Amino acid sequence: MIRSVVRGVGSALPRRIMRNADFEGMVETSDAWIVQRTGITQRHIASDDETTASLGEAAARAALDAAGLTAQDVDLIVLATSTPNHTFPATAVEIQERLGMRHGFAFDLQAVCSGFVYAVTTADLYIRGGLARRVLVIGAETFSRLLDWTDRSTCVLFGDGAGALVLEAAEGEGGLADRGVLAASLRSDGTHKQKLYVDGGVSTTRTVGHLRMEGREVFKHAVGMITDVIEATFEAGGITADDLDWFVPHQANKRIIDASAKKLGIAEEKVVVTVNLHGNTSAASVPLALSVAVADGRIKRGDLVLLEAMGGGFTWGAVLIRW
């Protein structure tokens, strides 16, 4: 059978680093308060000349370099983002142009923080369906553009960045030993939309708006929903938590990550955590964490890796990959 195998990963971060202490003169908060409740110590904030498209392009080039490929080898670009450069065209098309790619096709996918997991699953279906041989999957965000910098409950949580991976069609035997995407589970429930949303939009307020969040409500639902899709993915893949080599969750809050891993029986030493360095970068979160763990040698060929994310909507999902 056809499997979607990871050929390379890459990432990009804005130049500016904003540390917790930088907020102390802006809102009523402190480094200790932020670290205790979130695990975040710093985040990267895009400058005026850094956009979702420019960060996505840089991450894409890094992933292509790691794969030993060029944009001419790619058939499709899927960009997960909630902060596009323009209402239209899709920012994926802009990245396509920046890469000098004049063939194939490109589109954006919007599932907020779950976007990258949704995008990997979507790319896998295109590959297995025969519509693409190689897919560039990108998660890129400039969430700082959506923040209300007077709201201490949200402005300290988010950052900007981009991550990418290249998936390539390869033949597998159809078993757990195959390299590539092995199983996935996706969910959404629109009844929770008011718990995490942006209060603006083209068709409603005709403005960009600001991010709004009911933090306690999000936390309350997160662990249960994450467990739901991960257990479904375990069942689909025919594995248990003990079989995993690495768990790469959405980097929103260290307490959510810890609680989820504990409930699922995933050993702490198998969990990749980068929320302290990047904050919550929405759809860029998972590929940024992946890129760090690949670069430092933790994730290596043959490892069984579980990706997971939950975002506004609510949307949530998990995908199992043999590296």
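Here the structure is a predicted model, which is why all the values come from computation and not from measurement.

Definitions and limits used
Residues numbered from 1 in each chain as written. Predicted model: local features only at pLDDT ≥ 70, side-chain atom pairs only at ≥ 80, totals over all residues. Heavy atoms only, no water. Disulfide = S-S within 2.5 Å. Buried < 20%, exposed > 50% of the residue type's maximum accessible area, 1.4 Å probe, protein only. Helix = DSSP H or I, 4+ residues; strand = E, 2+ residues; numbered from the N terminus. Arc of directions from axis to C-beta. Contact = heavy atoms within 4.5 Å. Pairing = 2+ DSSP bridges. Axes fitted to C-alpha atoms, helices over the stretch in contact; angles between N-to-C directions. Salt bridge = Lys/Arg side-chain N within 4 Å of Asp/Glu carboxyl O. Parallel < 35°, antiparallel > 145°, perpendicular 65-115°, else oblique. Left-handed = near helix turned anticlockwise from the far one by under 90°. Nonpolar A, V, L, I, M, F, W, Y, C, P; charged D, E, K, R; others polar. Right-handed = clockwise from strand over helix to strand, strands pointing away. Polar contact = N/O pair within 3.5 Å; in protein donor to acceptor, adjacent residues only side chain to side chain.

(A) Molecular detail of the state of the cysteines. Summed over all chains, the structure comprises zero disulfides. In this structure C113 is a free cysteine whose sulfur lies 16 Å from that of C155, the closest cysteine sulfur available. On the basis of relative accessible area, C155 is assigned to the buried category, the value being 0%.

(B) Broad picture of helix α3 (residues 91-98). Buried within α3 are the following residues: T91, A92, I95 and Q96. Relative to the axis of α3, the buried residues are bounded by an arc of 150° and lie together on one face. Of the surrounding secondary structure, the elements contacted by the buried residues of α3 are α2 (52-67), β4 (76-80), β5 (105-109) and β6 (134-142). G100, located one to two residues past α3, shows a positive phi value of around 75°.

(C) Expanded view of the sheet that holds strand β7 (residues 160-171). Overall, mixed pairing links the five strands, which are arranged β1-β7-β6-β4-β5 in an open sheet. Strand pairing shows two members of the sheet lacking a second neighbour, β1 (2-12) and β5, which therefore form its edges. Adjacent strand axes in the sheet meet at a mean angle of 20°, parallel and antiparallel pairs treated alike. Here β1 pairs with β7 via 10 bridges, running antiparallel.

(D) How the structure looks around the pattern of salt bridges. Summed over the entire model, instances satisfying the criterion amount to 16 salt bridges. Linking R98 and E94 is a salt bridge whose minimum nitrogen-to-oxygen distance equals 3.6 Å. Here R98 and its partner E94 are both found in helix α3, four residues apart, which amounts to about one turn of the helix. For R98, a relative accessible area of 31% gives the class partly exposed. Between D148 and R212 there is a salt bridge, with the nearest N and O atoms lying 3.1 Å from each other.

(E) Summary view of the packing of helix α6 (residues 215-237) against helix α7 (residues 254-264). Two elements in contact, α6 and α7, have axes separated by 10 Å at closest approach and are oriented at 40°. Overall, the two elements α6 and α7 adopt an arrangement that is oblique. Here α6 and α7 pass one another in a crossing that is right-handed. Across the interface between the two elements, F219, A222, V223, G224, I226, T227, I230 and E231 from α6 touch R255, I256, A259, S260, K263 and L264 from α7. In terms of residue class, the contact of α6 with α7 is built from eight nonpolar, three polar and three charged.

(F) Structural context of the pairing of β5. One ladder, built from five bridges, connects β4 with β5; its direction is parallel. Looking across to β5, one finds that L76 is bridged to F105. Between the parallel elements β4 and β5, the chain passes through α3 in a crossover that is right-handed.

(G) Here's a closer look at α7. Within the span of α7, buried status applies to I256, I257, S260, A261 and L264. Relative to the axis of α7, the buried residues are bounded by an arc of 125° and lie together on one face. Every exposed residue of α7 that faces more than 90 degrees away from the buried side is listed here: K262 and K263. Each element contacted by the buried residues of α7 is listed here: α6 and β11 (246-249). Near the N-terminus of α7, the side chain that reaches the backbone nitrogen of R255, with its oxygen 2.7 Å away, is that of N253. Directly after α7, the chain includes G265, whose backbone phi takes a positive value near 75°.

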